[in-house]
Amino acid sequence: MNWNRVWTIAVKEYTQFFRDRRTVAATMLLPLIQVVLYGYLSTDVRYQPTVVWDLSQTAESRQLLRAFTNSEYFSIKYVARSMNGVVRRIDGGQALAGIVIPPNYATLLHQKKIPKVMVAVDASDATAARTALSVAQAIGSSVTQRMQIKQLQMSGVPAPQVGVDIRARAWYNPGLRQELFLVPGVLALVMQFTMTFLSMSTIVRERELGTLEQLIVSPIRSSELLLGKMLPLMTIGYINVTTILLLAVFWFGVSIAGSVLLLYFTVLVFFFTTLGLGTLISTIAKTYIQAVQLVQFFLLPSMLLSGFIFPVAAMPRVLQWFSYLVPLTYFLTIVRGIIVKGVGIGYLWPQILLLMFFGFVVFATAVLRFRKRID
Amino acid sequence: MIGATTVRAESLTRKFGDFVAVDGISFEIHAGEIWGFLGPNGAGKSTTIRMLCGVLQPSAGRAEVLGYDVARDPEAVKTRSGYMSQGSTLWSDLTVEEHMRLYAGLFGMYGAHQRDAVEEWMERIGLAQRRTQLAGSLPGGYRKRLALACTLLHRPQMVFLDEPTSGVDPLSRREFWDLIVHLSEDGTTVMVTTHYLDEAEHCDRLAFIYGGRIIALGAPAELKRAPSAGVTVEILSRENLRILDAVEDAPFVRSASMYGSSLHVTVERSDDVARLQNTIDARGLGVQRLAPITPSLEDVFAGIVKAGRPA
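On a predicted model such as this, the values are computed, not experimentally measured, just so you know.

Draft legend 1. Spotlight on the domain arrangement of chain A. Structurally, chain A comprises domain 1 (3-41 + 176-374) and domain 2 (48-149). Once you take the C-alpha centre of each, domain 1 of chain A and domain 2 of chain A turn out to be 48 Å apart.

Written out as structure tokens, the structure is:
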């Protein structure tokens, strides 16, 4: 390995990368945009526009509606005067939930009977609907409970102890904040996408322009050429990781629970997979367009299978096997482990070892194929 | 070094699938020689050069450059030689100076050594004023100059130039050849391909490749005198086109073509000259002058190609 030649290529790659303002902008802005988008996007659907048809029109019914509003999941936007009015708002998409309170609501309460309140939810988005329904149920039972306690107190009987007191604790993420889950995911995803894409294009473009041949004519070895091309990309990768972490900490207030050093080390391990995959694709594709399609062919399934959006544990068995073949799965587990749970190498070593193994296989195959393509 | 052999090719062959691009060619190039490699497009010139540079593996046969086997020790060959490829592709987003530094680095020149060589060649090739210009915005002629400078920067003992002057204006072409002659005077061996036969006159020896085989080899003067070159006759007449029409397909005529205001006809042997005269007289066409001349290289190669082409 002649390091002077490696350095010569690295200087050339740096110069070319930073000369192309658009690529620099795209590469540097992509992580920012993703973090900000995912940071604010939330599957926690709050303030759902709600239509209400209150036939009771009593202090009791208004109290119930206040309980819905106070939950912050429902926001009463429309008042209907008929069932038809409720249906129209939901059909038209202006409201995502409808609450109908029967005329005898207050009367039944006073007679210690159970009034029936209808809550209809637009379940086109199943996740949002599920949340809304369970919140509505909780509101119902807590209103009932409070009512019973009040009545018992009024009749002079001491309030009974609730049967089971469940003290729920959300570990690692006590605020159940979505961004704590998503920011590490975005970090992993951006690393995978940017590194694979850049390493693929730096080789394919040079081959299409015929300049790769100019390099091959020189005494440089293929390993020196590859390393010279990959070093600047690693720098760019680290710049991206740092940007994302700074944004997470100072903008979203995410605190990194674990070791940043360990995180940077696993990023290095992950480079072998991503840069290797890019190089591998460059040796398979004949044109730039083909290479771009191949990158997407590899990256999209790996994103879906990695657990970035859908938890691996919730996948069907067969898909789980596939997800264990995707290096991104391990990287994602590691990054979340370090940032959110604050665990160290003592817990993460199996994932780190597997990531090293995949990185080695992918990178070695890529280097061998690259060398063969050059001859 | 004069008299030593710089390049030795023995039955060098390259196949691409079923297609034989270079078909067992053998030749030697001596140190300090300017060796011209001529032939139509697709005849195998670039393929031969790429094998000699250690870029392409030969399918059969062997070749040595500067004493190193090109197949077994391509790195030694690459370090000591320079190759300017046909496209002479540059990075359009790198400047003149960045190109020179890149090549210097790739060929093992660093620090002050690199700086001096880059400065020297930028002056020598007339690019010092354009050092910060991107290669993509250079005029065609300058691009070729830059490619040549990058090839010569590390002072190779053997230089392969694949069509260095294509697309270059006549004045720059002359400068190119002045430089090539200088190189050879300094002891550098030069293998050069060209389509300009006037340039070929600068070469010490010429090889003509056709269909993957070398069909003629020698100094320009030798090739013109060789019996295989036939006899070239210059005809001056007001009825050149009708004469051309009349003699073109005669069995003893190898080639006939307009050459400015005169007509050059190459025949097999000297006694064919009389038959040529008879053919023209028989048609009743008037001739002001009909006499054998020293053929130009163009006549020689037109004749060789026709003789070598399967009937």
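From this point, things continue past the structure.
Draft legend 2. Quick peek at the packing of helix H3 (residues 96-106) of chain B against helix H4 (residues 111-124) of chain B. Residue and element names in this part refer to chain B. Close contact between H3 and H4 brings their axes to 10 Å; oriented N to C, the two are set at 130°. Classed by the angle they form, the pair H3 and H4 counts as oblique. For the crossing formed where H3 meets H4, the hand is right-handed. On H4, the residues touching Val96, Glu97, Met100, Arg101, Ala104 and Gly105 of H3 are Gln114, Arg115, Val118, Trp121 and Met122. For the contact of H3 with H4, the residue count by class is 6 nonpolar, 2 polar and 3 charged.

Draft legend 3. Quick look at the sheet that holds strand S2 (residues 19-30) of chain B. Residues and elements named next belong to chain B. Spatially, the 4 strands line up as an open sheet ordered S2-S1-S4-S5, and their pairing is antiparallel. Strands at the two margins of the open sheet, each flanked by one partner only, are S2 and strand S5 (68-69). Strands strand S1 (5-16), S2 and strand S4 (60-65) of the sheet are contacted by helix H1 (residues 45-52), whose axis makes an angle of about 120° with S1.

Draft legend 4. Region of the structure containing the side chain of Thr151(B). Along the chain, Thr151(B) turns up in helix H5 (residues 140-152). Sequence-distant contacts of Thr151(B), defined by excluding residues within four places in its chain, comprise Gly82(B), Tyr83(B), Met84(B), Pro156(B) and Val159(B).

Draft legend 5. Seen up close, the domain arrangement of chain B. Residues and elements named next belong to chain B. Taken domain by domain, chain B holds domain 1 (5-218) and domain 2 (225-308). Inter-centroid distance (C-alpha atoms) of domain 1 to domain 2 is 36 Å. Taken together, the contact between domain 1 and domain 2 spans 9 residues of the former and 5 residues of the latter. When the area that domain 1 buries against domain 2 is broken down by residue, the three leading residues are Leu197, Phe208 and Tyr210, summing to 56%. The interface formed by domain 1 and domain 2 includes 0 salt bridges. Put simply, domain 1 and domain 2 have 0 residue pairs in polar contact (both at pLDDT 80 or more) between them.

Draft legend 6. Looking closely at helix H6 (residues 170-185) of chain B. All names here are of chain B. The end-to-end C-alpha distance of H6, which contains 16 residues, comes to 23 Å, matching closely the 22 Å that a straight helix rising 1.5 Å per residue would cover. Those residues of H6 that sit buried are Ser172, Arg173, Phe176, Trp177, Leu179, Ile180, Leu183 and Ser184. Projected down its long axis, H6 shows its buried positions confined to an angular sector of 155°, all on one face. In H6, those exposed residues whose orientation departs by more than 90 degrees from the buried face are Leu171, Arg174 and Glu185. Just past H6, the residue Gly187 takes up positive phi, approximately 100°.

Draft legend 7. Representation of the pairing of strand S12 (residues 253-259) of chain B. Residue and element names in this part refer to chain B. Sheet topology places S12 next to strand S13 (residues 262-267); 6 bridges connect them, and they run antiparallel. Across the sheet, Ser255 pairs through a bridge with Thr266, a residue of S13. In this antiparallel pair of consecutive strands, S12 and S13, the connection spans 2 residues, and Gly260 shows a positive phi of 70°.

Parameters at a glance
Residues numbered from 1 in each chain as written. Chains lettered and ligands numbered in written order. Predicted model: local features only at pLDDT ≥ 70, side-chain atom pairs only at ≥ 80, totals over all residues. Heavy atoms only, no water. Domains from an automatic or database assignment. Axes fitted to C-alpha atoms, helices over the stretch in contact; angles between N-to-C directions. Helix = DSSP H or I, 4+ residues; strand = E, 2+ residues; numbered from the N terminus. Parallel < 35°, antiparallel > 145°, perpendicular 65-115°, else oblique. Left-handed = near helix turned anticlockwise from the far one by under 90°. Contact = heavy atoms within 4.5 Å. Nonpolar A, V, L, I, M, F, W, Y, C, P; charged D, E, K, R; others polar. Pairing = 2+ DSSP bridges. Buried area = accessible area lost by both parts, 1.4 Å probe. Salt bridge = Lys/Arg side-chain N within 4 Å of Asp/Glu carboxyl O. Polar contact = N/O pair within 3.5 Å; in protein donor to acceptor, adjacent residues only side chain to side chain. Expected span 1.5 Å × (residues − 1). Buried < 20%, exposed > 50% of the residue type's maximum accessible area, 1.4 Å probe, protein only. Arc of directions from axis to C-beta.

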